[in-house]
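# Structural characterization, general
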Amino acid sequence: SVLYSSVMGLPLPFEPVHLLFINLVTDSLPAIAIGVDKPKGDLLKEKPRKANASILTKDFMKSILSEGVLITIATMVAYYIGLNTGDRHLASTLAFSTLCLARLFHSFNCRVKESILKTGLFTNQYIWYAILTGLALLLAILFITPLSSLFLVSTITLTNLAQIFGLALAPTILIQCYRLIKN
């Protein structure tokens, strides 16, 4: 998102405090939740990888890139929605909120390679705690005036909130549909 904005000559979509929140909340909470996930039952049936084999395989790198591009597209669509109003701060707020939620939802994609419909949407309660905690913190930033001032976010409408949720959920839905069709 930042690279795209720079290349396109747009104002930067995030304030430094946004990036700090994104790194602390939307990275840490889901990572901890995934870290306490129960191991797959067939884990020991998998062949071990060679000692000199890279963890970053070609398929894994493609997955990271394609999923990152989807989240970036959703974030930039939110940013453009805000820019079209003529309000750079609203654009930044929409991009920040969409990226935060998209990354929280993306934790479902990071658990396993299969569709969450196969592994179960509720098999890791900690992911739900992480998402709900991150969502509560984001909503507090958006709707509690001292926090919104601290985080330099604009006032948003219910329509904006619906746009944020829809755009943030779209990458996870697309990834899960792809996995469902693929497998």
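What comes next concerns the included structure. (Residues numbered from 1 in each chain as written. Predicted model: local features only at pLDDT ≥ 70, side-chain atom pairs only at ≥ 80, totals over all residues. Heavy atoms only, no water.)

### Focus: the overall build of the chain
A tally of helices and strands in the chain yields eight helices and zero strands. What you see in the chain, going N to C, is helices and strands ordered as α-α-α-α-α-α-α-α. Projected onto the principal axes, the alpha-carbon positions of the chain cover approximately 55 × 35 × 30 Å. Among the 183 residues that make up the chain, the fraction classed as buried is 39%. Taking the intrachain contacts of the chain between residues at least 6 apart in sequence as the baseline, contacts between residues at least 24 apart amount to 75%. Split by element, the accessible area of the chain, about 11,000 Å² in all, is 69% carbon and sulfur. Across the chain, the 15 positively charged side chains and the 9 negatively charged ones have centroids separated by 9 Å. (Helix = DSSP H or I, 4+ residues; strand = E, 2+ residues; numbered from the N terminus. Buried < 20%, exposed > 50% of the residue type's maximum accessible area, 1.4 Å probe, protein only. Contact = heavy atoms within 4.5 Å. Areas by Shrake-Rupley, 256 points an atom, 1.4 Å probe, with all protein chains shown as cover. Lys, Arg positive; Asp, Glu negative; His and termini not counted. Charge placed at Lys NZ, Arg CZ, Asp CG, Glu CD.)

### Points about the nonpolar core
Core analysis: the biggest nonpolar cluster contains 37 residues, and Phe21, Phe96, Leu101 and Ile156 have the highest contact counts within it. For this core, the leading source of residues is helix α4 (residues 88-111), giving twelve residues. If we skip the residues at most four places from it in the chain, Leu101 touches Leu135, Leu138, Ile164, Phe165 and Ala168. (Core = buried A, V, L, I, M, F, W, Y, C linked by side-chain atoms within 4.5 Å.)

### Let's talk about the packing of α4 against helix α8 (residues 158-182)
Packing of α4 against α8 brings their axes to within 8 Å, and their N-to-C directions diverge by 30°. Both α4 and α8 take part in a crossing whose hand is right-handed. From α4, Leu90, Leu94, Ser97, Thr98, Leu101, Ala102, Phe105, His106, Phe108 and Asn109 reach across to α8, where they touch Asn160, Ile164, Phe165, Leu167, Ala168, Leu169, Thr172, Ile175, Gln176 and Arg179. Its residues assigned to classes, the contact of α4 with α8 comprises twelve nonpolar, seven polar and one charged. (Axes fitted to C-alpha atoms, helices over the stretch in contact; angles between N-to-C directions. Left-handed = near helix turned anticlockwise from the far one by under 90°. Nonpolar A, V, L, I, M, F, W, Y, C, P; charged D, E, K, R; others polar.)

### Looking at α4
Because an α-helix packs 3.6 residues into every turn, residues spaced three or four apart end up facing the same way. Counted at 1.5 Å a residue, the expected span for α4 with its 24 residues is 34 Å, and the 35 Å between its end C-alpha atoms agrees. The largest bend along α4 reaches roughly 30° and is located at Phe105. Among the 24 residues that make up α4, 20 are buried, leaving the element largely enclosed by the rest of the structure. Between a side-chain oxygen at the N-terminus of α4 and the backbone nitrogen of His89 the separation is 3.0 Å; the capping residue is Asp87. (Expected span 1.5 Å × (residues − 1). Bend = angle between axes of the 7 residues up to and from the residue. Polar contact = N/O pair within 3.5 Å; in protein donor to acceptor, adjacent residues only side chain to side chain.)

### Thoughts on the state of the cysteines
Going through the model one piece at a time under the given rule, you end up with zero disulfides. Cysteine Cys110 is unpaired, with the sulfur of Cys100 as its nearest cysteine sulfur at 15 Å. For the unlinked cysteine Cys177, the closest cysteine sulfur is that of Cys110, found at 17 Å. Given the relative accessible area of 39%, Cys177 is considered partly exposed. (Disulfide = S-S within 2.5 Å.)

### Overview of the side chain of Glu67
Structurally, Glu67 is set in helix α3 (residues 58-83). Among the polar contacts listed, one links the side chain of Glu67 to the side chain of His106, at a separation of 3.2 Å. Reaching out from Glu67, the side chain makes a polar contact with the side chain of Arg179 at a distance of 3.2 Å.

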